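Each chain is listed here by its residues.
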Amino acid sequence: MPEISLFNGIKITMYGDDHNPPHFHAEYAEFKAMIDIQEGIVIRGKLPNRQLKFVLAWCELHRDELMNNWELSKSNKPMNRINPLI
């Protein structure tokens, strides 16, 4: 699963053959969540509150880049790295 960003111990990945709605995966320690890009909500799984706030803020800042990566992944093209949350 290609890593597209890494910050505060949170790994952000996206699968090329994943299903709709457009989403990404966030992992922190033993926690995993699937985040809807357009809605900025957790679809499945969970993260600790602090890390979830980081991920949702990052999602809002990089929504266009995330959607671009989603489209690239659907075309089997390499995805771009996205800057971490600073």
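Scroll up to find the structure this text is about.
Just so it is clear, the model here is predicted, and its values are computed rather than measured.

## Some details on the packing of helix H1 (residues 49-61) against helix H2 (residues 63-74)
Right, so step 1: Running from N to C, H1 and H2 point in directions that differ by 80°, and their axes come no closer than 5 Å. If you check the angle between H1 and H2, you find them roughly perpendicular. Mapping the contact onto sequence places Trp 58, Cys 59, Glu 60 and Leu 61 in H1 and Arg 63, Glu 65 and Leu 66 in H2.
Right, so step 2: A class-by-class count of the residues in the contact of H1 with H2 yields four nonpolar, no polar and three charged.

## Looking at the pattern of salt bridges
Right, so step 1: If you walk through the whole model with that rule in mind, you get one salt bridge.
Right, so step 2: Here Glu 3 ties to Arg 81 by a salt bridge, and the two come within 3.4 Å at their closest N and O atoms. Of this pair, Glu 3 sits in strand E1 (residues 3-7) while Arg 81 sits in the segment after H2, placing them 78 residues apart in sequence.
Right, so step 3: Taking relative accessible area as the criterion, Arg 81 reaches 53% and is therefore assigned exposed.

## Brief notes about the sheet that holds strand E5 (residues 41-46)
Right, so step 1: Overall, antiparallel pairing links the five strands, which are arranged E1-E2-E3-E4-E5 in an open sheet. Only two strands of the sheet have a single neighbouring strand rather than two, namely E1 and E5. In this sheet, adjacent strand axes meet at a mean angle of 20° when their direction is disregarded.
Right, so step 2: Sheet topology note: the E1/strand E2 (residues 10-13) ladder contains four bridges and is antiparallel. Following the sheet pairing, Ser 5 is matched in E2 by Ile 12.

## A short note on H2
Right, so step 1: Between the first and last C-alpha of H2 there are 17 Å, a value that for 12 residues agrees with the 16 Å anticipated at 1.5 Å per step.
Right, so step 2: Of the residues making up H2, those classed as buried are Leu 66, Met 67, Asn 69, Trp 70, Leu 72 and Ser 73.
Right, so step 3: Tucked inside the fold, the buried residues of H2 contact E1, strand E3 (23-28) and H1.
Right, so step 4: Just downstream of H2, Asn 76 is the residue with a positive phi angle, here 55°.

## Things to note about the nonpolar core
Right, so step 1: In terms of nonpolar packing, the biggest core is built from 22 residues, with Ile 4, Ile 12, Met 14, Phe 24, Val 55, Trp 58 and Leu 66 touching the most fellow members.
Right, so step 2: Put simply, the parts of the chain that give this core at least two residues each are E1, E2, E3, strand E4 (31-36), H1 and H2.

Quick notes on the rules
Residues numbered from 1 in each chain as written. Predicted model: local features only at pLDDT ≥ 70, side-chain atom pairs only at ≥ 80, totals over all residues. Heavy atoms only, no water. Axes fitted to C-alpha atoms, helices over the stretch in contact; angles between N-to-C directions. Helix = DSSP H or I, 4+ residues; strand = E, 2+ residues; numbered from the N terminus. Parallel < 35°, antiparallel > 145°, perpendicular 65-115°, else oblique. Contact = heavy atoms within 4.5 Å. Nonpolar A, V, L, I, M, F, W, Y, C, P; charged D, E, K, R; others polar. Salt bridge = Lys/Arg side-chain N within 4 Å of Asp/Glu carboxyl O. Buried < 20%, exposed > 50% of the residue type's maximum accessible area, 1.4 Å probe, protein only. Pairing = 2+ DSSP bridges. Expected span 1.5 Å × (residues − 1). Core = buried A, V, L, I, M, F, W, Y, C linked by side-chain atoms within 4.5 Å.

Functional significance is not addressed by these values, which are geometric in nature.
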